[in-house]
Amino acid sequence: QVHLVESGGGLVQAGGSTGLSCAASGGTFSAYVMAWFRQAPGKEREFVAGISATGYSTDYADSVKGRFTISRDNRRNTVYLQMNSLKPEDTAVYYCAAPTTSYIPQIRNEYKYWGQGTQVTVSS
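Residues numbered from 1 in each chain as written. Predicted model: local features only at pLDDT ≥ 70, side-chain atom pairs only at ≥ 80, totals over all residues. Heavy atoms only, no water.

**Quick notes on the overall build of the protein**
(1) Moving on: When helices and strands are counted, the protein shows 0 helices and 11 strands.
(2) Moving on: Across the protein, helices and strands are ordered from the amino to the carboxyl terminus as β-β-β-β-β-β-β-β-β-β-β.
(3) Moving on: Computed over the C-alpha atoms, the radius of gyration of the protein is 13 Å, within 12% of the 14 Å expected from 2.2 N^0.38 for a compact globule of 124 residues.
(4) Moving on: Taken along its principal axes, the extent of the C-alpha atoms in the protein is 40 × 30 × 25 Å.
(5) Moving on: Considering the protein as a whole, with its 124 residues, one finds that 46% of them fall into the buried category.
(6) Moving on: A fraction of 57% describes how many contacts in the protein between residues 6 or more apart in sequence connect residues 24 or more apart.
(7) Moving on: The positive charge centre, built from 11 side chains, and the negative charge centre, built from 9, are 4 Å apart in the protein. (Helix = DSSP H or I, 4+ residues; strand = E, 2+ residues; numbered from the N terminus. Rg over C-alpha atoms; globule rule 2.2 N^0.38 Å. Buried < 20%, exposed > 50% of the residue type's maximum accessible area, 1.4 Å probe, protein only. Contact = heavy atoms within 4.5 Å. Lys, Arg positive; Asp, Glu negative; His and termini not counted. Charge placed at Lys NZ, Arg CZ, Asp CG, Glu CD.)

**A few points about the packing of aromatic side chains**
(1) Moving on: Per the counting criterion, the structure on display carries 6 aromatic pairs.
(2) Moving on: A ring pair is formed by Phe37 and Tyr111, whose centres lie 4.8 Å apart and whose planes are at 75°; its orientation type is edge-to-face. Of this pair, Phe37 sits in strand β4 (residues 34-39) while Tyr111 sits in strand β10 (residues 111-114), and the two are 74 residues apart along the sequence.
(3) Moving on: The class of Tyr111 is buried, set by a relative accessible area of 6%.
(4) Moving on: Chaining the aromatic ring pairs together yields one cluster made of Phe37, Phe47, Tyr95, Tyr111 and Trp114.
(5) Moving on: One Lys or Arg, Arg45, reaches over the ring of Tyr95 and ends 3.6 Å from the middle of that ring.
(6) Moving on: For Arg45, the ring lying beneath its charged end belongs to Trp114, and the centroid distance is 4.9 Å. (Phe/Tyr/Trp six-rings, centres within 6.5 Å; stacked < 30°, edge-to-face > 60°. Lys NZ or Arg CZ within 6 Å of the ring centre and 35° of its normal.)

**Describing the side chain of Arg45**
(1) Moving on: Among the structural elements, Arg45 can be located in the loop between β4 and β5 (46-51).
(2) Moving on: Within polar-contact distance, the side chain of Arg45 engages the side chain of Tyr95 at 3.5 Å.
(3) Moving on: With near-sequence residues (within four places) excluded, Arg45 lies in contact with Phe37, Arg38, Gln39, Tyr95, Arg108 and Trp114. (Polar contact = N/O pair within 3.5 Å; in protein donor to acceptor, adjacent residues only side chain to side chain.)

**Things to note about the environment of Ala35**
(1) Moving on: Secondary-structure assignment places Ala35 in strand β4.
(2) Moving on: When residues no more than four places from it in sequence are discounted, the contact partners of Ala35 are Phe47, Ala49, Gly50, Ile70, Tyr95, Cys96, Ala97 and Tyr111.

Read these as geometric descriptors, not functional statements.
Written as structure tokens, this is what we have:
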């Protein structure tokens, strides 16, 4: 069983930056693909970014390409999401997640493990 705990986020002004962290425990972190999802009020949870187990491959939603960067540190069992040039539409609860696949899925149902989420609010 993999346990994921997110931290970071909070209130940020539009155009600003912030970062999220997700600490993993209870499994072999370096064996897992990791991803970030987000869910805005009244909307479906959506894929934001994913990273392969080795960290060599990444994938991003079109809405965040060029602004967000996902990375991981397998020695620290942690995955990160650096968010730059934030927009009000980035406001959401951000979730860390891990699938049991060897590729990076963009579909929520392919993810088995989830964190509790952390709020990011971007003010205009």
